[in-house]
Amino acid sequence: MTTPTPRDTFLAHARRLLMERSTPGRIGASIPDLDVPPQEPPPAHLVRDDLPLPEVSEGEVVRYFSTLSQMNFSMDTHFYPLGSCTMKYNPKVNEEGASLPGFAGLHPLQPEETAQGALKLMWRLQTYLCEVTGMAGCSLAPLAGAHGELAGVLMIRAYHLSRGEGHRKVMLIPDSAHGTNPASAAMAGFRVVSIPSDKEGNTDLSALREACGPDLAGFMITLPSTLGLFDRHIVEVCEMVHRAGGLVYGDGANMNALLGRVKIGHLGFDVCHLNLHKTFSTPHGGGGPGAGPVCVGERLLPFLPTPVVRRQVIDGKEVFTLARPPQSIGRMGAFHGNFGVLVRAYAYIRALGAPGLRQVSQDAVLAGNYILARLQDLYHLPYPRRCMHEVVLSARRQRARGVKALDIAKRLLDFGIHPPTMYFPLIVDEALMIEPTETEGKETLDYFIEAMRQIAREAEETPEVLRSAPHFTPVGRLDEARAARQPDLRWKPMPSGGVAPGG
Ligand SMILES: *Cc1c(COP(=O)(O)O)cnc(C)c1O
């Protein structure tokens, strides 16, 4: 028998911790004596006795959750090169700002004159985002990137309707687009037509020209594209769409490559959204709140979602109010958007300042190209040109040895690295979409590159190691569809003597 490694021992211990821990009569809290008159319990028909709870000590509960957290991947424990996602880092100082009592204790129905500080922060954030995008106006209302897209395409629809051009029903979308783009356009009632990319990964201009008919409503494009490339024809693309009477939507979920360098409003875009949870350091994932503000050029200003914060100077004093633009598409949700998220993004922008934001794009693009340069001898590069903040590689060569992009992603877990995005964009075979982000140091990038190089060697020499990876994680390959659709997240009492699987 082989001696267990410390890691095996830890995993066995962790598994024991996650097993059925309930011991009748054990308790994790001391309840103080009543210092108010005892109350009658609710009527018997409202009381249930089929709600068994685990009986455990406080220490066991703390260890249970801490152990679970250690078995997981997180921003604070692992490198996350997930593409088109920019999970990046969440500065702790942002959390301090968001939890200041004056912000955290605000009530959304409070009179505006008692919330001037919060409104001022929102107004300033609107102004900064207009500056970053070169746009004329901004609403912070949308609660996610896809929600911002919906707001944007609804504005495009309202614009055409206001001009008596309701027949404009076609939304053109490149074949490299994020799936939310066609979904948002379809939800807003548009007919989606896909536009191919050319050999270099740019918009295919002749296909676009052909598709620009009298029923054109607009073109929705991501810049840089999800191939990690800056579309070299972008100005021509915007002009072509405008000549046909359409508007140009910019998916600005990931603006890390452009901050402080390119204002997409100046390129000809009419509307865009920004993901604060991708570009501006607010927490992402886990179903937590996000924010997808929309920015627009002059033509769409009257249609912005409600509310927009307005600033006036009355008797030499700044006054901030919530306004409804004249032809507003209406509300995207309750109240003012995800205010706590807005505070975090504001804190980030203020901490970096203009030179810091410019440095973001420099470092993000440098990191992407460093990885490209050091892996292109071993992995196929479908579009052999410089990338922006992310690089899309293909595992085509490894596939010839029977190793898929999925196997490579799973093997990275053994190195303590979260997998990159796989099989997206759909137009790249065996795609591995790697986004290192601006906040990782060279040592981390080198570690990732060494892991990818070792994996490429393994694909040649010992492909079975990859096909059965991961080997060092608490669980191996899951049925990912079932894990997402039927997650086992709730403690359930086991039949006596049974052992609950880690959940
Ligand atoms: C993430 C992303 C979106 C969607 O943003 P959500 O906040 O997840 O709704 C849209 N487009 C692109 C390019 C993205 O990367």
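What counts and how
- Per-chain numbering applies: the sequence of each chain, read as written, is numbered from 1 onward.
- Restriction of local features to residues with pLDDT of at least 70 applies here, the model being predicted, together with a cutoff of 80 or more for giving and counting side-chain atom pairs; totals for whole chains, interfaces and linings are based on all residues.
- By convention in this description, side-chain values take in all heavy atoms of the structure and omit both hydrogens and water.
- In this description a helix means any DSSP run of H or I spanning at least four residues, a strand means any run of E spanning at least two, and both kinds are numbered starting from the N terminus.
- Restricting the calculation to C-alpha atoms gives the radius of gyration, and the globule rule supplies 2.2 Å times the number of residues raised to the power 0.38.
- We call a residue buried when its accessible area falls under 20% of the maximum for its residue type, exposed when it is over 50%, and partly exposed in between, using a 1.4 Å probe and counting protein chains only.
- Should any heavy atoms of two residues lie within 4.5 Å, those residues are considered in contact.
- Computed with a 1.4 Å probe, the accessible areas rest on the Shrake-Rupley method; for each residue, only the protein chains presented here act as cover.
- Here, strands pair whenever DSSP counts at least two bridges between them.
- A right-handed crossover is one whose linking path, passing over the helix from the first strand to the second, runs clockwise when the strands point away from the viewer.
- As a rule, the C-alpha atoms of each element are fitted with a line to give its axis, helices using only the stretch in contact, and angles between N-to-C directions run from 0 to 180 degrees.
- An angle below 35 degrees is treated as roughly parallel, one above 145 as roughly antiparallel, one from 65 to 115 as roughly perpendicular, and anything else as oblique.
- Handedness of a crossing follows from how the near helix is turned relative to the far one, being left-handed for an anticlockwise turn of less than a right angle and right-handed for a clockwise one.
- Think of it as three bins: nonpolar holds Ala, Val, Leu, Ile, Met, Phe, Trp, Tyr, Cys and Pro, charged holds Asp, Glu, Lys and Arg, and polar takes everything else, Gly as well.
- The criterion for a residue being near a molecule or strand is simple. One of its heavy atoms has to lie within 4 Å of it.
- Definition of a polar contact: a pair of N or O atoms within 3.5 Å, with one able to donate and the other able to accept a hydrogen when the atoms are protein atoms, and with sequence-neighbouring residues admitted only if both atoms are side-chain atoms.
- Here a salt bridge means any side-chain nitrogen of Lys or Arg lying within 4 Å of a carboxyl oxygen belonging to Asp or Glu.
- For every domain, the bounds stem from an assignment made automatically or drawn from a database.
- The term buried area means the drop in 1.4 Å probe accessible area that two parts suffer when joined, counted for both and summed.

Remarks on the overall build of the protein
- Of regular secondary structure, the protein possesses 17 helices and twelve strands.
- Since a compact globule built from 503 residues should have a radius of gyration of about 23 Å, the 26 Å found for the protein is in line with a globular shape.
- Expressed as a percentage of its 503 residues, the buried residues of the protein come to 47%.
- Long-range contacts, defined as pairs at least 24 residues apart, comprise 72% of the intrachain contacts of the protein with a sequence gap of at least 6.
- Accessible surface, the protein: about 25000 Å² in total, of which carbon and sulfur atoms supply 56%.

Considerations on the pairing of strand β2 (residues 170–174)
- The buried count for β2 comes to five of five residues, which makes it a mostly enclosed element.
- The two faces of β2 match: V170, L172 and P174 on one face and M171 and I173 on the other face are all buried.
- Where β2 lies against strand β3 (residues 191–195), five bridges are found, and the strand directions are parallel. For P174, the partnering residue across the bridge sits in β3 and is I195.
- Handedness of the crossover joining β2 and β3 through helix α7 (residues 180–187): right-handed.
- Alignment of β2 against strand β4 (residues 216–222), held across three bridges, turns out to be parallel. What sits directly across from V170, in β4, is L216.

What to know about the pairing of strand β5 (residues 247–252)
- Among the six residues that make up β5, six are buried, leaving the element largely enclosed by the rest of the structure.
- Side chains of β5 alternate between two faces, with L247, Y249 and D251 and V248, G250 and G252 buried alike.
- Sheet topology note: the β4/β5 ladder contains five bridges and is parallel. Its bridge partner lying in β5, F219 is registered against V248.
- With helix α9 (residues 234–243) bridging β4 and the parallel β5, this β-α-β connection has right-handed handedness.
- In terms of strand pairing, β5 meets strand β6 (residues 271–274) through four bridges, oriented parallel. Looking across to β6, one finds that Y249 is bridged to V271.

Thoughts on the sheet that holds strand β10 (residues 391–394)
- An order of β10-β12-β11 is seen for the three strands of this open sheet, with the pairing classed as antiparallel. At either end of the open sheet lies a strand with only one pairing partner, and these are β10 and β11 (421–422).

Re the packing of helix α6 (residues 145–162) against α7
- Contact geometry for α6 and α7: axes closest at 9 Å, N-to-C directions at 45°. Considering their axes alone, α6 and α7 lie oblique with respect to each other. Here α6 runs over α7; the crossing is right-handed. In this structure, α6 contributes A146, E149, L150 and V153 to the contact, and α7 contributes T180, N181, S184, A185 and M187.
- Each residue belonging to the contact of α6 with α7 can be placed in one class, and the counts come to five nonpolar, three polar and one charged.

Examining the sheet that holds strand β7 (residues 294–296)
- Spatial ordering of the open sheet is given by β1-β7-β6-β5-β4-β2-β3, a layout of seven strands whose pairing is mixed. On the outer flanks of this sheet lie β1 (137–139) and β3, each paired with one strand and no other. For this sheet, the mean angle separating the axes of adjacent strands, direction not counted, is 20°.
- Packed on one face of the sheet, helix α5 (residues 116–133) meets β1, β6 and β7 and runs near 125° to β1.
- Docked against the sheet, α6 engages β2, β4, β5, β6 and β7, running at close to 170° with respect to β5.

Thoughts on the site of the ligand
- Lining the immediate surroundings of the ligand are 14 residues, of which S84, G145, D251, H277 and K278 lie closest.
- One of the side-chain N or O atoms of S84 is found 2.6 Å from an oxygen atom in the ligand.
- Within the side chain of H277, one N or O atom sits 2.6 Å away from an oxygen atom of the ligand.
- Notes on the ligand: free accessible area 380 Å², of which the protein chains cover 88%.
- If you tally residues by element for the shell around the ligand, the top one is α6, at three residues.

Quick word on the pattern of salt bridges
- Inspection of every chain in the model, using the stated rule, returns 21 salt bridges.
- Between D76 and K92 there is a salt bridge whose closest N-O contact spans 3.2 Å. Of the two residues, D76 sits in the loop between α2 (58–70) and α3 (92–98) while K92 sits in helix α3, which places them 16 residues apart along the sequence.
- Exposure remark for D76: the relative accessible area of 61% places this residue in the exposed category.
- Taking relative accessible area as the criterion, K92 reaches 52% and is therefore assigned exposed.
- Note that E458 and R411 form a salt bridge whose closest N and O atoms lie 2.9 Å from each other. With a gap of 47 residues between them, E458 in helix α15 (residues 442–461) and R411 in helix α14 (residues 405–414) connect regions that are remote in the sequence.

Things to note about the packing of α5 against helix α12 (residues 339–375)
- Where α5 contacts α12, the two axes come as close as 10 Å, and the packing angle between them is 50°. Overall, the two elements α5 and α12 adopt an arrangement that is oblique. Like other packed secondary-structure pairs, α5 and α12 cross with a definite hand, here left-handed. Along the contact surface, α5 presents A118, L121, M122, R124, L125, Y128, L129 and V132, while α12 presents F339, L342, V343, Y346, I349, R350 and L357.
- For the contact of α5 with α12, the class distribution of residues is 13 nonpolar, no polar and two charged.

Considering the domain arrangement of the protein
- Parsing the protein into structural domains produces domain 1 (92–352) and domain 2 (358–474).
- Put simply, the middle of domain 1 and the middle of domain 2, counted by C-alpha atoms, are 31 Å apart.
- In this complex, domain 1 contributes 27 residues to the contact, which on the side of domain 2 involves 21 residues.
- For the pair domain 1 and domain 2, the summed buried surface comes to about 2000 Å²; carbon and sulfur atoms form 57% of the total.
- It is L227, N256 and R261 in domain 1 that bury the most area against domain 2; as a group they hold 28% of the surface buried on that side.
- Summed over the shared surface of domain 1 and domain 2, the result is zero salt bridges.
- Grouping the constituent residues of the side of domain 1 that touches domain 2 by class yields ten nonpolar, eleven polar and six charged.

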